[in-house]
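Structural description and commentary
If you want the building blocks of each chain, they are given just below.
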Amino acid sequence: MWIVLKIAWRNLWRKPRRTVLTVVTISLGLALLLIFFGIGDGGHNQMIEAAVRMGSGHVVIQQKEYHAKGGIDRLLDIAQKQRAEEWIRDMEPLFPIQHILMRTYASGLASSSDGSAGVQIIGIEPQSERVASRFDDKLIAGDFLDSMSGNEVILGEGVAQRLDLGVGEKMVLMAQGAGSTEIQSQLVRVKGILRTGLEESDQTLVLLPLAASQEFLNLGEGIHQVAILMSHSGPSTQVAEMGKKRLPSLEVLSWGEAMPELVDFIRIDNGGNYIMNIVLFLLIAFTVLNTLLMSVLERGKEFGLLHSLGLTPIKRFLMILLEATFMAALSGLGGFGIGYALHLYLNIHGLPLDLFYSGELSAVGVTFDPVIYSDLSAGRIFSSLALVFLLTLTLGLAPAWRAARSGNIHLLGRT
Amino acid sequence: MGSKEMILRLQDVSRMYEQGQETVRALDNVTLSLEKGEFVAIAGPSGSGKTTLLNVAVGLDRPTQGKVWIRDHYLNSMNTHALARLRLEEVGFIFQSYNLVPVLNAEENAELILLLRGVPRQKRKTAVLQILEEVGLAGLEKRRPSELSGGQQQRVAVARAIAAEPALVLADEPTANLDSETALSLLKLMEKLNQEHATTFLFSTHDPRVMKRAHRIIHLVDGRVDRDEPQPSHG
């Protein structure tokens, strides 16, 4: 077997330029694949992060049917809130939690002297929400709410524009309170204006302190939602499944269940990426096949010689597969080296898409940072390497079979 | 002669090829046998069936009819794998060209059969260095085929053929691509090895100088054995 290995390795370098070109082609293909995955996953993760921080969190706990039907009266009472908190405490050692956010939601009307606009009124805990939702970065005017805030609100940029309101100015909020059909109204003062990056939010968002919203909307101690933020979105499905078992009377959703349109977008985008990758790999496949096939076809006499000397067909088959394996290994190393180096660069400095596009980038209502940071998981790296290996080995099968069959009996001629 | 070990035996062997609509009879009822230590030439003009005979003799080609034995191995009943194994164990080859594996050096080429046979490293190295010295290639062990002359390449091929001490060495026009002096020196080497190792040689040729050195000449005409005669000078 050693001799087969030795011949295979040396055969690879018989035409070094051809081998180097093939290895470089496969390496670049693999590097591109890794970068596509890194940028794709990085972009998706940034979208998810932007969406979950302003939306549902990675996992959300709420009253049954709240996701589908909403409703001011579908509240988590004190006992339900406590049960949710207990479960979160139990789960935390397994899945580190960054933030737990209590929120209320209501649809209402905001009016100023310049007009009125339909708004979504969200009651929040200012201290936690400020850090969790990174509102300081998004504040374009005024200050964020604090523990002292009473009847102060933060407006989305679009709401402020529509009502022609600035920081310090007053407006009236109107909404239906819980447990009654009466419309509640309250005079509030604008403390700050946000640009969230979520188009819909910017046009409708009104944030006010949780306690103020509970009082305004007649909610008592009730809240509509407990949103859990983790360090990353990966385990959210698993955590939500655990929550469903532990809190069967409540609705526990992962971000994917809470925002199915975002999941669909990512799926479609991934589908497009996969097609690109397939095209890329088809091009590479032809290069590999060409190299291996040429290498076998031009060595017909040599295989005949080896056949005559007693090298069995299986060993000739293995010899070509070994050549393909060596080529795959070299390409894997090269491609991983180039791809990972590029990934590291793009992970730190990002890919500035604003070089290619002007204006904001948004999809499914999520405006995302035009600088995309590569995010490459070990799974993606291993699957890409495995794909290159499998592809090269599979493409080596036909030439190997040919080599096994090409024990040219007419090596000696026919005289 | 009768008490000597039988190395190769062909009995009523014919080999036909289809060429378009025509059937070509490359071998026609050939019967012959070789005993241990013989140095035999197969002579005949181009197209007389010399190479087909060599191919069929060692299982590189199958006879259309007739039977072939190497020692007590009956080739007709063996599959491709078994035939490859048999060649590895019993036969050494010297071809006219495409002799050596181009990516291996002289020592590795000479060592190839021993390696394939699984001979231990130390024993292999000793045998190869000794045989390379014997064929006059001491000092050229690390050279690749492209760095050797035609004659030197044939010597490596001879070294490879006999390194594993096969029962039979088969050579197809071994001197065809060599100049007279190199050809003569190669023949002398083969003869010396035949005498010293009692290795059986069967080679095809149409070169009278080569025939002169053979101990026995089998003349082929149109695929048939026309004459099978010992050389008086060696008889």
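The model shown is predicted, which means the values in this text are computed figures rather than measured ones.

1. Description of the interface of chain A and chain B
The interface is formed by 24 residues belonging to chain A together with 35 residues belonging to chain B. Surface buried jointly by chain A and chain B totals about 2800 Å² across both partners, of which 67% is contributed by carbon and sulfur atoms. Counting across the chain A and chain B interface gives two salt bridges. E108 of chain B is the partner of K6 of chain A in a salt bridge, and the nearest nitrogen-oxygen pair spans 3.1 Å. Counting across the interface, chain A meets chain B through four residue pairs in polar contact (both at pLDDT 80 or more). Going through the elements one at a time, helix 1 (2-12) and helix 13 (300-309) of chain A are the ones with two or more residues in the side of chain A that touches chain B. Top element by residues in the side of chain A that touches chain B is helix 13 of chain A. It accounts for seven residues. Of the residues assigned to the side of chain A that touches chain B, the class counts are 10 nonpolar, eight polar and six charged.

2. Digging into the packing of aromatic side chains
Pairs of aromatic rings are described using the distance from one ring centre to the other and the angle between the two planes. Throughout the structure, instances matching the rule amount to eight aromatic pairs over all chains. For the pair W9 of chain A and F326 of chain A, a centre-to-centre distance of 5.1 Å together with 80° between the ring planes defines the contact as edge-to-face. Of this pair, W9 of chain A sits in helix 1 while F326 of chain A sits in helix 14 (residues 313-349), and the two are 317 residues apart along the sequence. Here the aromatic residues W9, W13 and F326 of chain A are joined through ring pairs into a cluster of three or more. The lysine or arginine in question, R9 of chain B, covers the ring of W69 of chain B, its NZ or CZ lying 4.3 Å from the ring centre.

Rules used throughout
- Residues numbered from 1 in each chain as written.
- Chains lettered and ligands numbered in written order.
- Predicted model: local features only at pLDDT ≥ 70, side-chain atom pairs only at ≥ 80, totals over all residues.
- Heavy atoms only, no water.
- Contact = heavy atoms within 4.5 Å.
- Buried area = accessible area lost by both parts, 1.4 Å probe.
- Salt bridge = Lys/Arg side-chain N within 4 Å of Asp/Glu carboxyl O.
- Polar contact = N/O pair within 3.5 Å; in protein donor to acceptor, adjacent residues only side chain to side chain.
- Helix = DSSP H or I, 4+ residues; strand = E, 2+ residues; numbered from the N terminus.
- Nonpolar A, V, L, I, M, F, W, Y, C, P; charged D, E, K, R; others polar.
- Phe/Tyr/Trp six-rings, centres within 6.5 Å; stacked < 30°, edge-to-face > 60°.
- Lys NZ or Arg CZ within 6 Å of the ring centre and 35° of its normal.

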